[in-house]
Amino acid sequence: MGELDQARLGGAPPHGDGRRLPEGVGLTAVGVALARARESARDDRLFDDPYAKAFVDAVGDETVAGMKIFGGYIALRTALFDDYLLAAARGGCSQVVILAAGLDTRALRLDWPAGTRVFEIDLPDVLAFKYDVLGESTEPTRGRTAVPADLREDWGAALTAAGFSPQAPTAWLAEGLLPYLTETDNDRLVDRVGELSALGSRFGIEVVNPTTTYRGDVSGFKRMQSSINAPWRSTQPDPSGWLVRHGWRPADAPTMEELHLRYGREAFLDERTGTGAGGLVTAVREG
Ligand SMILES: C[S@@+](CC[C@H](N)C(=O)[O-])C[C@H]1O[C@@H](n2cnc3c(N)ncnc32)[C@H](O)[C@@H]1O
């Protein structure tokens, strides 16, 4: 492809083998995959994501190196939401919807109860890249369904068209998403999630809590955000209160310290990237 063609198409150049790479905010998913690949290589790993390294290898880690500072945190948040989703599925949520799934491979790597359906929503280029690297089609298979959609638009229609049932209890997850959307977009998103949630549904969210303080130097991360034009567009000082206002009962909202203790990562406390209030909450829909 000539430079002119590339300029016309815009965005990142194709990888050597012709694969198009995620662009902009989609690249942040590669940063998360990098954290999961590094955690998976540890002897004392909290989870094993055998697919994560392939995504990083396909892109290279230079663009997302600024996210390494959050590696320990991302490992903890992955473990927390693995546990949350599996408990929800085993507790009766027959559907799982991962909002902005990115390169999350839970659909493939977690031991779901038979019959669980996992829907993965993200931007079309991210899902195409993901399943290209995995050597799979984006067609529904083995209980997982990719739903290409923009979560600022009418994604609910795309989800139901893909076979999602609002009548069945669902475990929802918004991990690594809400900070990249505006407050208005997030309010609209949580309302739509509520409309599509049968009683007994669960919702796991992550926000950037502005009261969290960072010990490490996050300037490399900020530079990365600006180089790929993916700034945080919102923060949320009271994630539990926000969920309550939208019809959810918070069930688990660990502080950063509690999170470290829960997963036996006390040794990480000195190198952790945040202290105090966490931005991770799971909640239940009770009507
Ligand atoms: C930091 S990554 C997190 C990915 C995944 N949840 C994880 O934790 O591994 C952010 C993801 O949000 C997705 N995203 C951002 N804005 C979006 C939008 N408007 N619609 C759909 N996906 C979006 C990006 O494509 C990217 O995959």
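Higher on the page you've got the structure.
Every chain is numbered independently, its residues counted from 1 as its sequence is written. With pLDDT at 70 or above as the cut-off, local features in this predicted model cover only qualifying residues; side-chain atom pairs require 80 or more to be listed or tallied, and sums for whole chains, interfaces and linings still use all residues. Each side-chain value is worked out from all heavy atoms of the structure, with water and hydrogens disregarded.

Novice: Give me the pattern of salt bridges: which residues, what numbers.
Specialist: The rule for a salt bridge is simple: a side-chain nitrogen of Lys or Arg has to be within 4 Å of a carboxyl oxygen of Asp or Glu. According to the stated counting rule, one finds 22 salt bridges in the structure shown. For Glu39, the salt bridge goes to Arg42, with nearest N and O atoms at 4.0 Å. On the accessibility criterion, Glu39 (3% relative accessible area) is buried. Of the charged contacts, one joins Asp185 and Arg188 as a salt bridge, the two residues approaching to 3.3 Å between their closest N and O atoms. Highlighted residues: Asp185 and Arg188, both in helix 8 (residues 183-195), separated by three residues, approximately one helical turn. Residue class for Asp185 comes out buried when judged on its relative accessible area of 13%. One salt-bridge network, in which partners are shared between bridges, spans Arg36, Asp49, Arg77, Asp82, Asp104, Arg106, Arg109, Glu175 and Glu206. Working definition: with a 1.4 Å probe on protein chains only, accessible area under 20% of the residue-type maximum means buried, over 50% means exposed, and in between means partly exposed. Strands are runs of DSSP state E lasting at least 2 residues, helices are runs of H or I lasting at least 4, and numbering of each runs from the N terminus.

Novice: Any details on the site of the ligand? Residues and values, ideally.
Specialist: In the vicinity of the ligand, 21 residues are found, and the nearest of them are Arg36, Ala100, Asp122, Asp150 and Glu175. Each polar contact in these results corresponds to two N or O atoms within 3.5 Å; when the atoms are within protein, one needs to be able to donate a hydrogen and the other to accept it, and residues that are neighboring in sequence are counted only if both atoms are side-chain atoms. Between Ala100 and the ligand, the recorded distance is 2.7 Å, taken from a backbone N or O atom to a nitrogen atom. Take Leu151: an N or O atom from its main chain is 2.8 Å from a nitrogen atom of the ligand. When the ligand is considered free in solution it has 590 Å² of accessible area, and contact with the protein chains removes 98% of it. More than half of the atoms belonging to the ligand lie within 2 Å of the grid points that define the largest pocket. Looking at the shell around the ligand residue by residue, the classes come out as eleven nonpolar, four polar and six charged. A single heavy atom is enough: if one lies within 4 Å of a molecule or strand, its residue is considered near that molecule or strand. The Shrake-Rupley method, run with a 1.4 Å probe, gives the accessible areas here. Residue values count only the displayed protein chains as cover. The way it works is a 1 Å grid over only the protein atoms, where trapped points that fit a 1.4 Å probe form a cavity and open points with protein on both sides within 12 Å along at least five of seven lines form a pocket, and then any residue with an atom within 4 Å of a point lines it. Should more than half of a molecule's atoms lie within 2 Å of a pocket's or cavity's grid points, that molecule is taken to sit in it. Residues are grouped as follows: Ala, Val, Leu, Ile, Met, Phe, Trp, Tyr, Cys and Pro are nonpolar; Asp, Glu, Lys and Arg are charged; all remaining types, including Gly, are polar.

Novice: Describe in detail the layout of surface pockets, supporting the description with residues and values.
Specialist: One way to see where empty space is left: roll a probe the size of a water molecule over the atoms. As a volume, the largest pocket reaches approximately 840 Å³. If you go around the largest pocket, you meet 46 residues; those closest to its centre are Thr28, Glu175, Gly176, Leu177 and Tyr180. Split into classes, the residues belonging to the lining of the largest pocket amount to 24 nonpolar, twelve polar and ten charged. Grid points are joined across faces, edges and corners, and a volume is the space filled by probe spheres set on the points.

Novice: Please give an account of the nonpolar core that cites residues and values.
Specialist: Working definition of a nonpolar core: buried Ala, Val, Leu, Ile, Met, Phe, Trp, Tyr and Cys residues. They are joined through side-chain atoms within 4.5 Å. By size, the foremost hydrophobic cluster in this structure holds 56 residues, and its most contacted members are Leu103, Trp112 and Phe129. Take this core: its biggest share by element is eleven residues, from helix 4 (residues 71-90). Contacts between residues were defined by any pair of non-hydrogen atoms, one from each residue, lying within 4.5 Å. If we ignore the near neighbours within four places in the chain, the residues touching Trp112 are Leu85, Leu86, Ala89, Val96, Arg106, Ala107 and Val118. Within the second largest apolar cluster, 28 residues are counted, among which are Val97, Val147, Leu151 and Trp155.

Novice: Account for helix 4, with residues named and values stated.
Specialist: With 20 residues, helix 4 ought to run about 28 Å at 1.5 Å a step, and its terminal C-alpha atoms sit 28 Å apart, in line with that. Of all 20 residues making up helix 4, 17 are buried, and the element is well covered by its neighbours. Looking one or two residues beyond helix 4, the residue adopting positive phi is Gly92, at roughly 120°. A helix's residues, less one, multiplied by 1.5 Å, set its expected span.

Novice: Lay out the environment of Leu27 with the relevant residues and their values.
Specialist: Of note, Leu27 is situated in the loop between helix 1 (3-9) and helix 2 (28-40). Distance in space between the C-alpha atoms of Leu27 and Asp185 is 20 Å, their sequence separation being 158 residues. Once residues within four sequence positions are removed from consideration, Leu27 is found in contact with Pro22, Val59, Thr63, Val64 and Ile228.

Novice: Which residues make up the packing of aromatic side chains, and what values do they have?
Specialist: Each Phe, Tyr or Trp ring, with Trp reduced to its six-membered ring, pairs with another whose centre is within 6.5 Å; inter-plane angles below 30 degrees give stacked pairs, above 60 give edge-to-face pairs, and intermediate values give tilted ones. Tallied over the full model, the rule gives nine aromatic pairs. Seen in terms of ring centroids, Phe70 and Trp232 are 6.4 Å apart; in terms of plane orientation they differ by 40°. Their pairing is tilted. With Phe70 in the loop between helix 3 (52-59) and helix 4 and Trp232 in the loop between helix 9 (219-227) and helix 10 (239-245), the pair connects residues that are 162 residues apart, well separated along the chain. A relative accessible area of 8% means that Phe70 is categorised as buried. Consider the rings of Phe81 and Tyr84, whose centres lie 6.2 Å apart with planes at 70°: the pair is edge-to-face. With Phe81 and Tyr84 both in helix 4 and three residues apart, this pair spans about one turn of that helix. Taking the relative accessible area as the measure of exposure, Phe81 reaches 0% and is therefore buried. Residue Tyr84 is classed as buried on the basis of its relative accessible area, which comes to 10%.

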